[in-house]
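# Report on the structure
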Amino acid sequence: MSDRAVVTGMGVLSAIGQGKTPFANALLAGVSAFGVMQRPGRQYESSYLGAEIESMTFPPSISRQTLRAASLSAQAALVVLDEAWSEARLSELHPSRVGLIVGGSNVQQRELVQIQESYRHQPDFLRPTYALSFMDSDLCGFCTAQFGIRGPAFTVGGASASGQLAIAQAAQAVVSGQLDACIALGALMDLSHWECRGFRALGAMGSDRFADEPELACRPFDRDRDGFIFGECCGAVVLESVESSRRRGMTAYATLRGSGITMDRNRNSDPSVEGEIEAIRLALESSGYTPADIDYVNPHGTGSALGDATELKALKSSGLSGVLINATKSLIGHGLSAAGTVEVIATLLQMQRGRLHATRNLDRPIDDGFRWVREQPLDHAIGNALTLSMGFGGINTALCWEGPR
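In this report, the structure presented in the accompanying data block is examined. (Residues numbered from 1 in each chain as written. Predicted model: local features only at pLDDT ≥ 70, side-chain atom pairs only at ≥ 80, totals over all residues. Heavy atoms only, no water.)

### What about the overall build of the chain?
Stated precisely, the cut-off is as follows: The helix and strand labels rest on DSSP assignments: H or I over at least four residues marks a helix, E over at least two residues marks a strand, and numbering proceeds from the N terminus. In this treatment the radius of gyration is a C-alpha quantity, and the globule benchmark scales as 2.2 Å times the residue count to the 0.38 power. Any residue under 20% of the maximum accessible area for its type is buried, any over 50% is exposed, and the rest in between are partly exposed; the area is computed with a 1.4 Å probe on protein chains only.
In terms of helices and strands, the chain carries 13 helices and 17 strands. Relative to its length of 405 residues, the chain is compact, with a C-alpha radius of gyration of 20 Å against a globular reference of 22 Å. Principal axes of the C-alpha set define a box for the chain whose edges measure 65 × 55 × 40 Å. Burial statistics for the chain: of 405 residues in total, 61% are counted as buried.

### Things to note about the side chain of Thr359
As a reminder, the rule being used: In protein, a polar contact means a hydrogen-donor-capable atom and an acceptor-capable atom, both N or O and within 3.5 Å, with residues adjacent in sequence counting only if both atoms are side-chain atoms; elsewhere, any N or O pair within 3.5 Å suffices. Should any heavy atoms of two residues lie within 4.5 Å, those residues are considered in contact.
Along the chain, the position of Thr359 falls in the loop between strand E13 (355–356) and strand E14 (371–372). Within the local environment of Thr359, its side chain forms a polar contact with the backbone nitrogen of Ala327, the two atoms lying 3.1 Å apart. From its side chain, Thr359 meets the backbone oxygen of Val373 in a polar contact 2.8 Å long. Not counting residues up to four positions away in its chain, the partners in contact with Thr359 are Asn326, Ala327, Ser330, Val373 and Arg374.

### So, helix H1 (residues 20–29)
Taken together, the buried positions of H1 are Lys20, Phe23, Ala24, Ala26, Leu27 and Leu28. Directly beyond the C-terminal end of H1, a positive phi value near 75° is found at Gly30.

### Some details on helix H7 (residues 162–175)
Because each turn of an α-helix spans 3.6 residues, side chains separated by three or four positions end up pointing in the same direction. What counts here: Expected span, for any helix, means 1.5 Å times one less than how many residues it has.
An ideal rise of 1.5 Å per residue puts 20 Å on 14 residues; H7 measures up with 20 Å between its terminal C-alpha atoms. Counting buried residues along H7, 11 of its 14 residues qualify, which places the element largely inside the surrounding structure. Those residues of H7 lying buried are Ser162, Gly163, Gln164, Leu165, Ala166, Ile167, Ala168, Ala170, Ala171, Ala173 and Val174. Trailing H7 by a residue or two, Gly177 shows a phi angle of about 90°, which is positive.

### A short note on the pairing of strand E5 (residues 98–103)
Put simply, the rule reads: Pairing between strands requires that DSSP locate at least two bridges from one strand to the other.
With respect to burial, E5 is a largely interior element, 6 of its 6 residues being buried. Covered by surrounding structure in E5 are Val98, Leu100 and Val102 together with Gly99, Ile101 and Gly103, the residues of both alternating faces. Summarising the sheet, E5 and strand E7 (residues 181–186) pair through 6 bridges and their orientation is parallel. The partner of Gly99 across the bridge, within E7, is Cys182. With 4 bridges connecting them, E5 and strand E6 (residues 153–156) associate as parallel partners. What sits directly across from Leu100, in E6, is Ala153.

### Things to note about the packing of helix H10 (residues 273–287) against helix H11 (residues 305–317)
Going by this rule: Orientation is described by axes fitted as lines to C-alpha atoms, over the contacting stretch for helices, and by angles from 0 to 180 degrees between their N-to-C directions. Each angle is binned into one of four classes, with values under 35 degrees roughly parallel, values over 145 roughly antiparallel, values of 65 to 115 roughly perpendicular, and all other values oblique. In this scheme, a crossing is called left-handed if the near helix is turned counterclockwise away from the far one by less than a right angle; it is called right-handed if the turn is clockwise.
Two numbers describe how H10 lies on H11: the axes approach to 9 Å, and their chain directions differ by 45°. Here H10 is positioned oblique relative to H11, judged by the angle of their axes. The two elements H10 and H11 cross, and the hand of that crossing is right-handed. Contacts from Val273, Glu276, Ile277 and Ile280 in H10 reach Thr310, Glu311, Lys313, Ala314, Leu315 and Ser317 in H11.

### Some details on the pattern of salt bridges
Short version of the rule: A carboxyl oxygen of Asp or Glu within 4 Å of a side-chain nitrogen of Lys or Arg is what we treat as a salt bridge.
Overall, the coordinates contain 28 salt bridges when judged by the stated rule. The residue Arg42 makes a salt bridge to Asp190 at a minimum N-O spacing of 2.5 Å. Separated by 148 residues along the polypeptide, Arg42 in the loop between strand E3 (34–36) and strand E4 (49–51) and Asp190 in the loop between E7 and helix H8 (193–202) bring together distant segments of the chain. The residues Arg42 and Asp190 share a single accessibility class, namely buried. A salt bridge links Glu240 to Arg248; its shortest N-O distance comes to 2.9 Å. Residue classification places Glu240 among the buried positions, given a relative accessible area of 0%. On the basis of relative accessible area, Arg248 is assigned to the buried category, the value being 11%.

### Examining the layout of surface pockets
Where empty space is left in the structure can be found by rolling a water-sized probe over the atoms. Here is the rule: Only protein atoms enter the 1 Å grid used here. Points where a 1.4 Å probe fits but cannot escape make up a cavity, open sets with protein on both sides within 12 Å along at least five of seven lines make up a pocket, and a residue lines them when an atom lies within 4 Å of a point. Grid points are joined across faces, edges and corners, and a volume is the space filled by probe spheres set on the points. For this scheme, ten residues count as nonpolar: Ala, Val, Leu, Ile, Met, Phe, Trp, Tyr, Cys and Pro. Four count as charged, namely Asp, Glu, Lys and Arg, and the remainder, Gly too, count as polar.
There is about 630 Å³ of room inside the largest pocket. Residue lining of the largest pocket: 38 residues in total, with Ser160, Ala204, Ser269, Gly391 and Phe392 positioned closest to the centre. Those elements that place two or more of their residues in the lining of the largest pocket are H8, H11, strand E16 (384–391) and strand E17 (395–402). Sort the elements by how many residues they give to the lining of the largest pocket and H11 lands first, with 5 residues. Counted by class, the lining of the largest pocket contains 14 nonpolar, 17 polar and 7 charged residues. Within this model, the second largest pocket holds a volume of roughly 280 Å³.

### Considering the side chain of Glu232
By secondary structure assignment, the location of Glu232 is in the loop between strand E8 (230–231) and strand E9 (233–241). With relative accessibility at 0%, the residue Glu232 sits in the buried group. Among the polar contacts made by the side chain of Glu232, one reaches the side chain of Arg39 at a distance of 2.7 Å. Within the local environment of Glu232, its side chain forms a polar contact with the side chain of Arg42, the two groups lying 2.6 Å apart.

### Considering the pairing of E7
Within a regular beta strand, the side chains point alternately toward one face of the sheet and then the other, so they alternate between its two faces. Across the 6 residues of E7, 6 count as buried, placing the element largely inside the fold. The alternating pattern of E7 places Ala181, Ile183 and Leu185 on one face and Cys182, Ala184 and Gly186 on the opposite face, and all of these are buried. Across 6 bridges, E7 lies against E9 in antiparallel orientation. Note on E9: the bridge partner recorded for Ala184 is Val237.

From the geometry alone we can't say anything about function, so treat these as descriptive.
Now the structure itself:
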């Protein structure tokens, strides 16, 4: 049994594109879609900024009945899973040898708030499915029912690190031989006005400085940053054992060479440079890489005052300040539970094309000692990449990726 897992399928949805090709094209063209958010239930005497998905195209295999019952988060999950499932040809595998790990818990908040407000004055008429929609198994139920998955399916919660955490767990499932393939889904976190208000009260979400210029508000690693800008997104990555992929003649995007997951022993939102350094060290060590082997870093890079500075300190202390770096969130916003998965997809698509996207609004980097990809995309062959994702509660994740050889 190989001790590595390979990626054989991906699906992605964001405010700048649905599907891998439109998404990659938009990234490399520097497209963004920031504005005052308009989705019902997300504003209340407020004007929160973000990037919202304008529409989705649903495959004919998903019935209208299923879509009517599905929340925004569930619809997004079905869309990206269909793309990843088809590309990885998972129907060839026995249903019991395919699993699903959903990165993110409590992701359907806006849906729940809207239901509560609708039935506030007639609670006896509350629809029975409400009891399903607040369970952390709800997206697992939608996805396993639609695709006939019979292997293990469950959620993992790591706040904004949930997406990468799901990938690490999916890789363990196939490396151990428990499954032939396992899908890591970074769930769309559907914020209501309550969550937006909470993030603003915490000082985590921007933007006061650019309230009237939404397109300038999302600025990771820039001196004028004042908090993260939310961006709706969802992604699915199929991790498969080397043996299964070879047996089926699959072409892999990349191999997951190593991972690092650490906790800071801290409930709060403030990051720890020591914890991030340790996660990077573990990922490099388990992959057999040195810092000199890494060709590209896709950072967490949210635009928070403390988080961005802490991450750069961790990268510098880890010997990675000379590696090319850009910030995917500058184009798509912060997808919270989905961020890690979608940014891994962005990394592997850049690896496939040999081209790095620009970093939007990086006018005055907080540290000029890094090799930033700034105003324009850059041709660059990526042999090995490092992706980082951190979350509230002190969780740090790092993944090392090897491109096709």
